Amino acid sequence: MRGLRDRVRAEVGKVLVGQDEAIELMLAALVCRGHVLLEGVPGVAKTLAANAVARALGLEYRRVQFTPDMLPSDLTGTMTLKGGELVFRAGPVFTQLLLADEINRTPPKTQAALLEAMQEAQVTIEGESHPLPDPFLVVATQNPIEYEGTYPLPEAQLDRFLFKVDVGYPSEEDEHAVLRLRRRGVVPATLEDVGGVVDAGALADARGTLDATTVSEEVAAYVVALVRATRDLPSVTLGASPRAAVHLVTAARAAARLDGREFVTPDDVVRMAPAVLRHRLVLRPEAELERYRPDDAVQTALAAVPVPR
Ligand SMILES: Nc1ncnc2c1ncn2[C@@H]1O[C@H](COP(=O)(O)OP(=O)(O)OP(=O)(O)O)[C@@H](O)[C@H]1O
Ligand SMILES: [Mg+2]
């Protein structure tokens, strides 16, 4: 497993500078059967990261640009007449890695259709269920700057994403490295060179052994204490849910597996906590005005709960 992560990182590194966190969390989400929300301003390579990871993992990849006029059926598919018979024509959601670009530009009904597919791993049309491929990973993107005419995802829907990754600007050094990559005009020249470096068996192995990854009583108690601590923070009106605790334990298991371990350490929990918790906390307006961020709240909770040793 450790080899898997390093191989993917190296392969993706042909076209992408940095973004180690996004790469690791996409892998972890795949292992957990969870989904990822990438937030970042335009041009920080969110699309490129998802595309390159799909290639390195040999996954079928599709990108859907969410727009205000998009209907649920544009995503899931429709019944159409074919030779006098009604048949299901599968929509673009039927793929292994779906990049749902700018998910907050589409109205709630279409967002709900995507979230339902994520939750149930299937699409139901006219009473008939159509299973999605396995693995199935949604990488949704949103822009942190609220434009007019966007539809922010409600808390209940954010909670369904295993991870939220904040894709920031690269460091100065990385920004230089980006300029040195080969390109054709403005297009990355080497995206086609990013090839599958992971056989399907290795990924299936990691997913198969995930639930057998040991979580000690101490580590479980730590997760519970941490999640509960987020509910008591004075800066927070809505803390992390029991679902968040389940997600945090599962993510820590994936982190352990990606490190080649069969047991979870408290450090796995600490490492995964920001990406699992940051989008589930709602801050008090006063705290937001003081530029206190959900990440600060997560750090406060982490500092408040002693790490078992
Ligand atoms: N870290 C990086 N490594 C390599 N190339 C980068 C990096 N950051 C930006 N680029 C360059 O910038 C281009 C823009 O990336 P991309 O289209 O993936 O951004 P995006 O975050 O998806 O933007 P948008 O929100 O507008 O869709 C890439 O094709 C690449 O040429
Ligand atoms: Mg993009």
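Residues numbered from 1 in each chain as written. Chains lettered and ligands numbered in written order. Predicted model: local features only at pLDDT ≥ 70, side-chain atom pairs only at ≥ 80, totals over all residues.

Caption draft 1: Inspection of the site of ligand 1 at higher detail. Around ligand 1 lies a shell of 16 residues, among which Pro42, Ala45, Lys46, Thr47 and Leu48 are the nearest. The element contributing the most residues to the shell around ligand 1 is helix α3 (residues 46-56), with three residues. In the shell around ligand 1, the residues fall into 10 nonpolar, five polar and one charged. (Near = placed C-beta within 6 Å. Helix = DSSP H or I, 4+ residues; strand = E, 2+ residues; numbered from the N terminus. Nonpolar A, V, L, I, M, F, W, Y, C, P; charged D, E, K, R; others polar.)

Caption draft 2: Structural detail: the sheet that holds strand β1 (residues 36-39). Here we have five strands laid out as an open sheet, ordered β2-β5-β8-β1-β9, and parallel in their pairing. The sheet terminates laterally at β2 (61-65) and β9 (163-166), the two strands that pair on one side only. When the angles between neighbouring strand axes are averaged without regard to direction, this sheet yields 20°. One ladder, built from four bridges, connects strand β5 (residues 97-101) with strand β8 (residues 137-142); its direction is parallel. For Ala100, the partnering residue across the bridge sits in β8 and is Ala140. Along the sheet, helix α2 (residues 20-32) contacts β1, β8 and β9; its crossing angle with β9, the most-contacted strand, is approximately 170°. This element, α3, spans β1, β2, β5 and β8 of the sheet and lies at about 175° to β5. (Pairing = 2+ DSSP bridges. Axes fitted to C-alpha atoms, helices over the stretch in contact; angles between N-to-C directions. Contact = placed C-beta atoms within 7 Å.)

Caption draft 3: Region of the structure containing the packing of helix α10 (residues 242-258) against helix α11 (residues 266-277). Put simply, α10 and α11 touch, their axes get as near as 9 Å, and they point 130° apart. By the angle class used here, α10 and α11 are oblique. The crossing of α10 and α11 is right-handed. From α10, Ala244, His247, Leu248, Ala251, Ala252, Ala255 and Ala256 reach across to α11, where they touch Asp268, Val269, Arg271, Met272, Ala273, Val276 and Leu277. (Parallel < 35°, antiparallel > 145°, perpendicular 65-115°, else oblique. Left-handed = near helix turned anticlockwise from the far one by under 90°.)

Caption draft 4: Quick peek at the environment of Arg261. In this fold, Arg261 is placed in the loop between α10 and α11. Separated by 20 residues in the primary sequence, Arg261 and Ser241 have C-alpha atoms spaced 27 Å apart.

Caption draft 5: The nonpolar core, seen in detail. If you look at the biggest cluster of nonpolar residues, it comprises 83 residues, and the most contacted ones within it are Val36, Val53 and Leu248. Among the elements that line this core, the one with the most residues is α2, at 10 residues. If we ignore the near neighbours within four places in the chain, the residues touching Val53 are Val8, Val12, Ile23 and Met26. (Core = buried A, V, L, I, M, F, W, Y, C linked by C-beta atoms within 7 Å. Buried ≥ 20, exposed ≤ 12 C-beta atoms within 10 Å, placed from the backbone.)

Purely geometric stuff here, so don't read any function into it on its own.
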